[in-house]
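Here is how the chains run, residue by residue.
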Amino acid sequence: MGSVKEITIEDVNVSSANQQPKVVFVLGGPGSGKGTQCANIVEHFGYTHLSAGDLLRAEIKSGSENGTMIQNMIKEGKIVPSEVTIKLLQKAMQESGNDKFLIDGFPRNEENRAAFEAVTKITPEFVLFFDCSEEEMEKRLLGRNQGREDDNIETIRKRFKVYLESSLPVIEYYNSKGKVRKIDAAKPIDEVFEAVKVVFTSKDEKVGMCRLPRLFFISSCFIPGIFVLRRRCSCTVDGVASHLWVDAFPFLILMNTWN
Ligand SMILES: Nc1ncnc2c1ncn2[C@@H]1O[C@H](COP(=O)(O)OP(=O)(O)O)[C@@H](O)[C@H]1O
Ligand SMILES: O=c1ccn([C@@H]2O[C@H](COP(=O)(O)OP(=O)(O)O)[C@@H](O)[C@H]2O)c(=O)[nH]1
């Protein structure tokens, strides 16, 4: 544990000096499809995917001093102490060279959430929540076939209990802050991704041209048109411009609200 240096937000590689890394928490029950959809999001939207579970499993494999403790907790479906998981996440963020992260499967309880926000000073842009029934999740976990020690019916039941008691309150917390984007994860993979895409391209989440500059940009496209019209109609600039503005104004407003 002591081998990983305490990293603050200043250490995380960001594209611009004063810019906070953009973090999206990807939450949902075990087997709801978080990892599957994160792979799709990475491909389309340029995020770095950080699976807390994968980082913990890699830590076990690396033979670190925490390995045995982590392995025992995962086998029991318990939540690894925040300090361990947060250090692994911070290290991965620092090493990624990116400034947009999907943090998958974390925070898993209130303590995880509060500790992450306190240490990193990062609050998520939003929480992508995969909503799925236990019945469907159980079926998927039993068919996952990745050789995971915790994908057996006994541990799965324990993970569901921890999810209901400890992880759902985190989702409720962010919901009360208007940050949850809920996805029906029971549908086929492609359909789930269609819904995910809507979230990532919606005007609230998209990093794009903001409204005012966009209005000026669109408006400026009309200036050459005024001169062409003036030549054709051989009337005054003022006359043509006022006609054009009256006719085009509703269109400009529409363009400005369109994403
Ligand atoms: N929408 C879906 N429909 C059917 N199977 C799915 C769907 N999403 C994921 N799966 C499968 O279910 C299993 C668990 O998915 P995974 O992405 O690993 O879940 P999580 O990361 O939430 O534990 C995997 O075998 C995956 O291929
Ligand atoms: O922030 C985390 C993420 C995962 N885990 C442990 O890792 C296991 C597997 O988590 P993962 O997200 O890989 O899989 P899921 O349960 O969502 O399918 C969990 O049951 C926990 O024991 C943890 O303690 N903290």
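Relevant structure appears above.
Bear in mind that the values here come from a model prediction, so they are computed numbers and not experimental data.

**Side note on the overall build of the protein**
A tally of regular secondary structure across the protein gives 11 helices and five strands. When the 259 residues of the protein are sorted by exposure, 41% land in the buried category. When contacts within the protein are restricted to residue pairs at least 6 apart in sequence, those whose partners lie at least 24 apart make up 75%. Roughly 14,500 Å² of accessible area belongs to the protein as shown, and the carbon and sulfur atoms make up 55% of that amount.

**Considerations on the site of ligand 1**
If you check the shell around ligand 1, you find 14 residues, and the closest are Lys34, Gly35, Thr36, Arg144 and Lys187. A distance of 2.9 Å separates an oxygen atom of ligand 1 from a polar backbone atom of Lys34. Its free accessible area being 560 Å², ligand 1 has 77% of it covered by the protein chains. Counting only elements with at least two residues in the shell around ligand 1, the list comes to helix 1 (34–45) and helix 8 (189–201). A per-element tally of the shell around ligand 1 places helix 1 first, with three residues. Residues that form the shell around ligand 1 fall into these classes: four nonpolar, six polar and four charged.

**Quick look at the site of ligand 2**
What surrounds ligand 2 is a group of 21 residues, the closest being Lys34, Arg57, Lys78, Val80 and Arg159. Within the backbone of Lys78, a nitrogen or oxygen atom sits 2.6 Å from an oxygen atom of ligand 2. Within the complex, 97% of the 510 Å² of free accessible area of ligand 2 lies under protein. The site holding ligand 2 turns out to be the largest pocket. Of all elements in the fold, only helix 2 (52–61) and helix 3 (67–75) reach the threshold of two or more residues within the shell around ligand 2. Considering each element in turn, the shell around ligand 2 owes the most residues, four residues, to helix 2.

**Some words on the environment of Asn40**
Along the chain, the position of Asn40 falls in helix 1. Residues Asn40 and Asp190, 150 residues apart in the sequence, show an inter-C-alpha distance of 9.6 Å. Apart from the residues within four sequence positions on either side, Asn40 is in contact with Ile189 and Phe193.

**Comments concerning the sheet that holds strand 2 (residues 48–51)**
Spatial ordering of the open sheet is given by 2-3-1-4-5, a layout of five strands whose pairing is parallel. The open sheet is flanked by strand 2 and strand 5 (180–184), the only strands paired with a single partner. With direction set aside, neighbouring strand axes in the sheet form an average angle of 20°. As paired elements, strand 1 (residues 22–28) and strand 4 (residues 126–131) share five bridges and run parallel to each other. The partner of Leu27 across the bridge, within strand 4, is Phe129. The sheet strands contacting helix 2 are strand 2 and strand 3 (100–104), and the helix crosses strand 2 at an angle near 65°.

**Side note on the environment of Ile122**
The topology assignment puts Ile122 in the loop between helix 5 (110–120) and strand 4. A residue is classified by how much of its surface remains accessible, and Ile122, at 1% relative accessible area, is buried. Along the backbone, Ile122 and Gln20 are 102 residues apart, and their C-alpha atoms lie at a distance of 7.5 Å.

**Looking at the environment of Ser82**
Along the chain, Ser82 turns up in helix 4 (residues 82–96). Not counting chain neighbours up to four residues away, the residues in contact with Ser82 comprise Glu111, Asn112 and Ala115. Here Asn112 takes part through its side chain, which lies 2.8 Å from a polar atom of the side chain of Ser82.

**Regarding helix 3**
The complete set of buried residues in helix 3 reads Gly67, Ile70, Met73 and Ile74. The arc that holds every buried residue of helix 3, seen down its axis, measures 135°, which confines them to one face. Against the buried residues of helix 3 lie helix 2, helix 4 and helix 7 (153–176). A positive backbone phi angle near 70° is found at Gly77, which sits one or two residues after helix 3.

Rules behind the numbers
Residues numbered from 1 in each chain as written. Chains lettered and ligands numbered in written order. Predicted model: local features only at pLDDT ≥ 70, side-chain atom pairs only at ≥ 80, totals over all residues. Heavy atoms only, no water. Helix = DSSP H or I, 4+ residues; strand = E, 2+ residues; numbered from the N terminus. Buried < 20%, exposed > 50% of the residue type's maximum accessible area, 1.4 Å probe, protein only. Contact = heavy atoms within 4.5 Å. Areas by Shrake-Rupley, 256 points an atom, 1.4 Å probe, with all protein chains shown as cover. Near = heavy atom within 4 Å. Polar contact = N/O pair within 3.5 Å; in protein donor to acceptor, adjacent residues only side chain to side chain. Nonpolar A, V, L, I, M, F, W, Y, C, P; charged D, E, K, R; others polar. 1 Å grid on protein atoms, 1.4 Å probe; cavity = no way out; pocket = protein on both sides within 12 Å on 5 of 7 lines; lining within 4 Å. Sits in = over half its atoms within 2 Å of the grid points. Pairing = 2+ DSSP bridges. Axes fitted to C-alpha atoms, helices over the stretch in contact; angles between N-to-C directions. Arc of directions from axis to C-beta.

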